[in-house]
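What follows is the residue order along each chain.
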Amino acid sequence: MKMFDPHIHMTSRTTDDYAAMAAAGIVAVIEPAFWLGQPRTHVGTYIDYLSMICGFERFRAGQFGLRHYCTVGLNPKEANNEELAEAVMEILPRYALKEGVVAIGELGYDEQSALEDKYYRLQLELAKELSLPVMVHTPHRDKRQGTLRSMAVALEHKLDPTYVVIDHNNEETVLPPILGCRRRQPWQARARAQAAPLPPARGRRREPKPPPAARPGCPLRERGQDRRGLSCLHVAPHSARAQG
Ligand SMILES: [Zn+2]
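Positions within a chain are numbered from 1, following the residues in the order the chain's sequence is written. Only residues with pLDDT of at least 70 are given local features in this predicted model, and only at 80 or more are side-chain atom pairs given and counted; all residues enter the totals for whole chains, interfaces and linings.

J.: Could you clarify how one ought to interpret the pairing of strand β5 (residues 134-137) in this entry?
T.: Looking down a regular strand, the side chains alternate between one sheet face and the other. Whether a residue is buried, exposed or partly exposed is read from the other C-beta atoms within 10 Å of its own C-beta, which are placed from the backbone; 20 or more gives buried, 12 or fewer gives exposed, and intermediate counts give partly exposed. Helix and strand assignments come from DSSP, with helices taken as H or I runs of at least 4 residues and strands as E runs of at least 2, each series counted from the N terminus. Residues V134 and V136 point to one face of β5 and M135 and H137 to the other, with burial holding for every one of them. Strand pairing is defined by DSSP finding a minimum of two bridges between the two strands. Judged from the four bridges that link them, strand β4 (residues 101-108) and β5 form a sheet pairing that is parallel. From the neighbouring strand, L107 faces β5, where its bridge partner is V136. Once the chain exits β4 it traverses helix α4 (residues 114-130) before rejoining the sheet at β5, and the crossover so formed is right-handed. Here four bridges tie β5 to strand β6 (residues 164-167), and the two strands are oriented parallel to one another. Paired with V134 across the strands is V164, a residue of β6. Read as a crossover between parallel neighbours, the route from β5 over helix α5 (residues 143-156) to β6 is right-handed. For crossovers, right-handed means that the path from the first strand over the helix to the second runs clockwise, given strands pointing away from the viewer.

J.: Mind showing me how you'd approach the sheet that holds β6 here?
T.: Sheets are built from strands that pair by backbone hydrogen bonding, the pairs being arranged parallel or antiparallel. An order of β1-β2-β3-β4-β5-β6 is seen for the six strands of this open sheet, with the pairing classed as parallel. Either end of the sheet is taken by a strand with one partner, and the two such strands are β1 (3-5) and β6. Going from strand to strand, the sheet's axes swing by 25 degrees on average, the running direction of each strand aside. As paired elements, strand β2 (residues 26-32) and strand β3 (residues 67-72) share five bridges and run parallel to each other. What sits directly across from P32, in β3, is T71. The sheet contacts of helix α2 (residues 43-62) involve β2, β3 and β4, and relative to β3 the element is tilted by about 170 degrees. Relative to β4, α4 is tilted by about 165 degrees, and along the sheet it contacts β4 and β5. For helices, the axis comes from a line fit to the C-alpha atoms of the stretch in contact; other axes are also lines fit to C-alpha atoms, and the angle between any two N-to-C directions lies between 0 and 180 degrees. In this description, any two residues whose backbone-derived C-beta atoms lie within 7 Å of each other are considered to be in contact.

J.: I tried to follow unusual backbone geometry on my own but got confused; where do I start?
T.: Outside of glycine, negative phi angles account for most residues, and trans bonds account for most peptide bonds. Residue E106 follows G105 across a cis peptide bond; omega there is -10 degrees. By the secondary structure assignment, E106 is in strand β4. The backbone of Q112 shows a phi angle near 60 degrees, a positive value even though the residue is not glycine. Here Q112 lies in the loop between β4 and α4. We note that S131 has phi near 55 degrees; this positive angle belongs to a residue other than glycine. For S131, the location among the structural elements is in the loop between α4 and β5. Accessibility expressed as a C-beta count within 10 Å gives 8 for S131, which makes it exposed.

Here's what the structure looks like:
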């Protein structure tokens, strides 16, 4: 089976991991730009990091037969350093146009501050201008509110929802029926009521109900581990060394 990992931070992994991934059938990865655990204080370190994921990491993956793609962006934590953020916004378009860059991100909210909001919006506009998707990091604290806000702001900026990947979801933000969880949100009850099937037409024999399909166990409970890594698109463990 061939697999594709849409969110992995390979700069923090060894080449042995590339060998193991190739042996397991992973043929391509996306490496989103993010916080490294220690806030960067100069744009120069950002330039080196972006050059690394656009250049050397691509080469390193290629040595094991993996295709490497990446996303580039100003992460929400460092958006709070305005001087740095301004400088990164200057250089970002240059990297966004490089080969192998498939989206702008990770971007979004961390503490949901005014500066994070400012640079989230600026990067949404950049993505629109370049016709690139965005990879949205959702906050570790107050995740539900931050996720709803991220989506609302993306819609406000008129991004095509199919170009917006909301990542780092957990049980608060992923549709419980998809994951087989019991807890339902109020909006789901409304949606279910609206989508209730029409009663059978008069005189027609009612078909016997098929037996209920086996309900898969909730992967969140089964895994019992790093729930931050669950995404709306995949349930691969998040591989950030830092809180990515
Ligand atoms: Zn990440």
